[in-house]
Amino acid sequence: MKFGPVPLNEAAGCILAHKTRLPGRVLKKGHVLTEQDCRELLSTGESSLTVAQLEVGDVGEDEAARRLGLAAKGPGISEDTAFTGRMNLYADTDGILVVNSEAVTAANRIDPAITFATLPNHSKVSGDRMIATAKIISFAVSNVSLTRAEAAIREAVGIAAFKPRKIGLVATELPHLKPVTMDKTRRVLEDRLRPSGSSILVEKRVPHSEEPVASAMKTLAEEGADFLILFGASAVVDRYDVLPAAVEHAGGSVTHLGMPVDPGNLLMLAEFDGIPVLGAPGCARSPKENGFDWVLDRLLADVATEPDDITAMGVGGLLMEIGTRPQPRETKRQSATAKIAAIILGAGKSTRMGGPNKLLAELDGKSLVRHVGEAACGVGLSQTILVTGHLADKVGNQVADLDIAIVHNPDFADGMASSIRTGMKALAADTQAVLILLGDMPGITTEDIGKLIATYQGSDNNLIVTATANGKRGNPVLWDRRFFDTLNGLRGDVGARHIIADNPGFVAEVELGIAARLDLDTPQALREAGGSFPDDID
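Report on the accompanying structure. Just so we're clear, the structure is a prediction, and the values are computed from it rather than from any experiment.

Some points on the packing of helix α2 (residues 61-72) against helix α4 (residues 143-152)
Relative orientation of the contacting elements α2 and α4 amounts to 20 degrees, with a least axis distance of 9 Å. One finds that α2 runs roughly parallel with respect to α4. For the element pair α2 and α4, the recorded crossing hand is right-handed. Judged by residue contacts, Ala64, Arg67, Leu68 and Ala71 of α2 engage Asn143, Leu146, Thr147, Ala149 and Glu150 from α4. Residue composition of the contact of α2 with α4, grouped by class: 5 nonpolar, 2 polar and 2 charged.

In structure tokens, the structure reads:
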């Protein structure tokens, strides 16, 4: 291919290199110039144009992209029409993208003008999702180079379709593990299985010991399970721990223990009676992506998963969801003089109260939000922020005489996450931790807040400190600054409980009793607590 300026009287049939304007119309890049185009351009005073001229043995960009894309296409993939030197490939079905990475790289190294890009290998994809694109950089490439690229990339991408499996779930029990947590774990797993059409056939909850787990595995296989998932109440930390020992006791074998993906390190891959067995890491109780997803999806699509496959997952294995997660050996550099702030969430519409704003309700002669404000101000925090929304002026007036900065959340109707973000934006730059309180929890005292702060300062690992009521987690929660980015990224009408679930090694609990779960958000709850609304409230 020749490229460069040519006289207009010789340009007919050439390919226009750059967009060019004519009176009343535009000639786009890639347009094949006609005799009429050239005459009109000459009339504007132009004498030459930069063009591409195909030579013998050249293949135009669209045809080249089409041939490259079709050569790469394997099973489960469809293509669109090549246009402007590009042809896209799409998944025909739900499954796992399987890429021959060496073949793609080899094709990309033949000619800089020949390019082929894909989603990451082994990505989970849904039908109709774009998974790859063939793009020719120049207006044409030599047929010799293109033929070599076609041979190199032959059937390099394909979709391994998901195959519905009947899952047998074994969940072990220990006193610290609450049934509600186990129920949630099952729901999260069901959500993970749904894209593949798989479902939980039976769940068996058994004591956390070798014999009951082995017995449950055998029973589930007899009942028709063709895939076993084991959730231990305690994480697998050794080759001879309960879950791997149970697999071997049942007559199975452990294929691999551990993986270089975080979260997801403590995963177990095994086999029993010809069916796959996955020992889930603790992070799999959360819906956030983790290493468990990577292996589960591959197995559900019958993609070979050997120890070498797992140990190769380290590059890219530090998942974005834990970008702010502290490193295990990181020193907190925390002291008793750390700047700790508080955010009081007071923006909601109190829909469950059925009318008045609950924060204006009174208990023991003070509004609910006043109780919380006074508790926060009594601790000597570096900064206390009240986030308002619904009836902002009236709520703010309740604490106007206190040392509290009031910030308004105009998007309060979007949910709690927007109020958390509003409060976070108002924090001083040198804030090292923040306590997030709900404005409708009048039982929280200055002493309670002091306990949370003392726990935070008492250990380098106490980066999230949450209040509990009779062992159940509640509010408030204190967060180290290493989670500030994560808090700023919250969306919707949700709090931050999933962040706590994702970081169990950095969570400390402080028992505060009923105050940690006493939020007066219904008329009945308010009456039972001895509260009421003043007569003049709207």
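Having seen the structure, we can now continue with the description.
Some details on the sheet that holds strand β15 (residues 166-173)
If you trace the 6 strands from one edge of the open sheet to the other, you get β16-β15-β17-β20-β19-β18, paired in mixed fashion. Bordering the open sheet on either side are β16 (199-207) and β18 (253-257), each of which pairs with just one other strand. Looking at each pair of strands side by side, their axes are set apart by 20 degrees on average, direction ignored. Bridge count between strand β19 (residues 268-272) and strand β20 (residues 275-280): 5 bridges; the pairing is antiparallel. Counted as the bridge partner of glutamate 271 is proline 276 from β20.

Points about the nonpolar core
The nonpolar side chains of a soluble globular protein tend to be buried, and buried together. Among the nonpolar cores identified, the biggest contains 61 residues, and Trp479 and Leu487 are the most heavily contacted of them. In terms of nonpolar packing, the next biggest core, distinct from the first, is built from 33 residues, Val59, Leu89, Val99 and Val157 among them.

Overview of empty space enclosed by the protein
Over the atoms, a rolling probe the size of a water molecule traces out where space has been left empty. As enumerated under the stated definition, the model contains 2 cavities of 30 Å³ or more in all. Along its surface, the largest cavity is lined by Leu169, Ala171, Thr172, Leu177, Met182, Thr185, Arg186, Glu203, Phe231 and Arg285. When contributions to the lining of the largest cavity are tallied by element, the ones reaching two or more residues are β15 and α5 (179-193).

Looking at unusual backbone geometry
Looking along the chain, the bond that leaves aspartate 262 and enters proline 263 is cis, with omega of 5 degrees. With respect to the helices, strands and loops of the structure, proline 263 is situated in the loop between β18 and β19. For the peptide bond that leads from asparagine 475 to proline 476, omega is 5 degrees, which places it in the cis range. Tracing the sequence through the fold places proline 476 in strand β28 (residues 472-480). The phi angle at threonine 84 is positive, at roughly 50 degrees, despite the residue not being glycine. Mapped onto the elements, threonine 84 comes out in the loop between β7 (77-79) and β8 (86-91). The backbone phi angle of histidine 122 is positive, close to 70 degrees, even though this residue is not glycine. Among the secondary structure elements, histidine 122 is positioned in the loop between β10 (114-118) and β11 (124-125).

About the criteria used
Residues numbered from 1 in each chain as written. Predicted model: local features only at pLDDT ≥ 70, side-chain atom pairs only at ≥ 80, totals over all residues. Heavy atoms only, no water. Axes fitted to C-alpha atoms, helices over the stretch in contact; angles between N-to-C directions. Helix = DSSP H or I, 4+ residues; strand = E, 2+ residues; numbered from the N terminus. Parallel < 35°, antiparallel > 145°, perpendicular 65-115°, else oblique. Left-handed = near helix turned anticlockwise from the far one by under 90°. Contact = heavy atoms within 4.5 Å. Nonpolar A, V, L, I, M, F, W, Y, C, P; charged D, E, K, R; others polar. Pairing = 2+ DSSP bridges. Core = buried A, V, L, I, M, F, W, Y, C linked by side-chain atoms within 4.5 Å. Buried < 20%, exposed > 50% of the residue type's maximum accessible area, 1.4 Å probe, protein only. 1 Å grid on protein atoms, 1.4 Å probe; cavity = no way out; pocket = protein on both sides within 12 Å on 5 of 7 lines; lining within 4 Å. Points joined across faces, edges and corners; volume = space filled by probe spheres on them.

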